[in-house]
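Each chain, letter by letter, is given below.
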2 protein chains.
Amino acid sequence: MGQVELDTSVGYLLKMASSALHNAMEAVLRPLGMTITHYSCLELLSQRPGLSNSELARGTFVTRQSMNVLLQALERDGLVTRPERAPSGRVLPTTLTEAGRRQLASASSAVRAVEETMLSGMSPDEQNQMRRLLRSCVDELIR
Amino acid sequence: MGQVELDTSVGYLLKMASSALHNAMEAVLRPLGMTITHYSCLELLSQRPGLSNSELARGTFVTRQSMNVLLQALERDGLVTRPERAPSGRVLPTTLTEAGRRQLASASSAVRAVEETMLSGMSPDEQNQMRRLLRSCVDELIR
DNA sequence: AAGAGTATGTCAGGATACTGACATGGGTCA
DNA sequence: TGACCCATGTCAGTATCCTGACATACTCTT
């Protein structure tokens, strides 16, 4: 009858894996007082300093309104800084503070351990294969 | 400095793919007046009739409280039925009505098209490889 | 047989993210 | 240059999902 067949559906398996990873990350970040979006924002800023609110939102898969609320909290807690006035246009480039880098360091190792657990059943070749296949999924859906 | 490297992180790519699929499914289900959880619940019931509220919640990756709210709406709209009293224990087995089956049929083809788009860049062998790798991720994280 | 432990359905309250809307700044094209 | 279009930051209101809690029913162990 042309159904989706949950057991063999790549979409369902993708959701299963994503959900399992989400739960595992939540579990290791909670003791550190961080949420996944909180951590993702810091990680993104560490690798691409000066990102704007909207760019951070896209990189962490939330709306720019949600990211704005988070950034205000992070700024209040002294983890990130934003200039008072925009250097150009309305874009406010955000950077990590020293405290932000310290908090990221502890979280980053915990998250890395989770990812290594997730990949522990695959050979390096299979891991590369997986990266390639996931990128293909994204490319076709974005098209 | 041992960071996560977003560009090559399998976890990040997994989130990207999952998010892209989520958006694509939302886009095709919205015109039909359905959410993803709504559709997933119907699809699950179609393949495994008689599932309980808690089982449906686990299968759609939400809490049983959220699924309970959804089931009450689906029951009100005549898409599913639950017995007045539990045949055994507290478990209320849920089944699709004819109207539920009709609604699922239209959604199912739309969702199948999205999944085919997502897989359109892979050979059948690669699709099987992907299923195997995703299952491995889940298995290692559940452990 | 009885108690502990576990799973279920459901209610209430709170946290989180999203949609809608607005003003502002830049880029493009006629 | 000016009109149009698009992106950004931000405010408010809403929707959605989750956490906490409780009563009930089954299972397993002693």
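Residues numbered from 1 in each chain as written. Chains lettered and ligands numbered in written order. Predicted model: local features only at pLDDT ≥ 70, side-chain atom pairs only at ≥ 80, totals over all residues. Heavy atoms only, no water.

1. With respect to the protein's contact with DNA strand D
Now for step 1: Of all residues adjacent to DNA strand D, which total 20 residues, the nearest are Ser54, Arg64 and Arg90 of chain A together with Ser66 and Arg90 of chain B.
Now for step 2: Sugar and phosphate atoms constitute 57% of the interface atoms of DNA strand D, taking the interface as everything within 4 Å of the protein.
Now for step 3: At 3.4 Å from a phosphate oxygen of DNA strand D is found a main-chain nitrogen or oxygen belonging to Asn53 of chain A.
Now for step 4: Within the side chain of Arg58 of chain A, one N or O atom sits 3.0 Å away from a phosphate oxygen of DNA strand D. (Near = heavy atom within 4 Å. Polar contact = N/O pair within 3.5 Å; in protein donor to acceptor, adjacent residues only side chain to side chain.)

2. Details of the pattern of salt bridges
All names here are of chain A.
Now for step 1: Throughout the structure, instances matching the rule amount to ten salt bridges over all chains.
Now for step 2: Between Arg101 and Glu98 there is a salt bridge, and its shortest N-O distance comes to 3.5 Å. Of this pair, Arg101 and Glu98 both sit in helix α5 (residues 98–119), three residues apart, which is roughly one turn of the helix.
Now for step 3: What makes Arg101 partly exposed here is its relative accessible area of 44%.
Now for step 4: Taking the relative accessible area as the measure of exposure, Glu98 reaches 48% and is therefore partly exposed. (Salt bridge = Lys/Arg side-chain N within 4 Å of Asp/Glu carboxyl O. Helix = DSSP H or I, 4+ residues; strand = E, 2+ residues; numbered from the N terminus. Buried < 20%, exposed > 50% of the residue type's maximum accessible area, 1.4 Å probe, protein only.)

3. Digging into the protein's contact with DNA strand C
Now for step 1: Not every one of the 20 residues close to DNA strand C is listed here, only the nearest: Ser66 and Arg90 of chain A together with Ser54, Arg64 and Asn68 of chain B.
Now for step 2: Across the atoms of DNA strand C situated within 4 Å of the protein, the share located in sugar and phosphate is 53%.
Now for step 3: In the environment of DNA strand C, a phosphate oxygen lies 2.7 Å from a nitrogen or oxygen atom belonging to the side chain of Ser54 of chain B.
Now for step 4: A distance of 3.0 Å is found between a phosphate oxygen of DNA strand C and a side-chain nitrogen or oxygen belonging to Arg58 of chain B.
Now for step 5: Looking at the surface near DNA strand C, the elements that each hand over two or more residues are α4 (64–76) of chain A together with α3 (53–60) and α4 (64–76) of chain B.
Now for step 6: Per-class residue counts for the surface near DNA strand C are three nonpolar, eleven polar and six charged. (Nonpolar A, V, L, I, M, F, W, Y, C, P; charged D, E, K, R; others polar.)

4. A look at the relation of the copies chain A and chain B
Now for step 1: Superposition of chain A onto chain B requires a rotation of 180° combined with a translation of 0.0 Å along the rotation axis, giving an RMSD of 0.0 Å. Such values leave the two copies arranged in the relation of a two-fold axis. (Least-squares fit on C-alpha atoms with pLDDT ≥ 70 in both.)

5. Concerning the UniProt feature "domain: HTH marR-type" (unreviewed entry) in chain A
Now for step 1: Those places that UniProt annotates as "domain: HTH marR-type" (unreviewed entry) correspond, in this numbering, to residues 7–139 of chain A.
Now for step 2: Here residues 7–139 of chain A is 68% helix and 3% strand, with 24 Å between the C-alpha atoms at its ends. (UniProt positions renumbered as here; feature names shortened; annotations may be inferred.)

6. Focus: unusual backbone geometry
Now for step 1: Of note in the backbone geometry, Phe61 of chain A takes a positive phi value of approximately 65° without being a glycine.
Now for step 2: Phe61 of chain A gets classed as partly exposed once you look at its relative accessible area, which sits at 27%.

7. Digging into the interface of chain A and chain B
Now for step 1: Every contact between the two is made by 54 residues of chain A and, on the other side, 54 residues of chain B.
Now for step 2: The contact between chain A and chain B buries some 5300 Å² in all, and 66% of this surface belongs to carbon and sulfur atoms.
Now for step 3: Sorting the residues of chain A by area buried against chain B places Val10, Phe61 and Leu141 of chain A first, and these three jointly supply 13% of that buried surface.
Now for step 4: Along the contact surface separating chain A from chain B lie two salt bridges.
Now for step 5: Put simply, Arg132 of chain B and Glu126 of chain A hold a salt bridge, and the shortest N to O gap is 2.8 Å.
Now for step 6: Viewed at the interface, chain B and chain A are joined by 15 residue pairs in polar contact (both at pLDDT 80 or more). (Contact = heavy atoms within 4.5 Å. Buried area = accessible area lost by both parts, 1.4 Å probe.)

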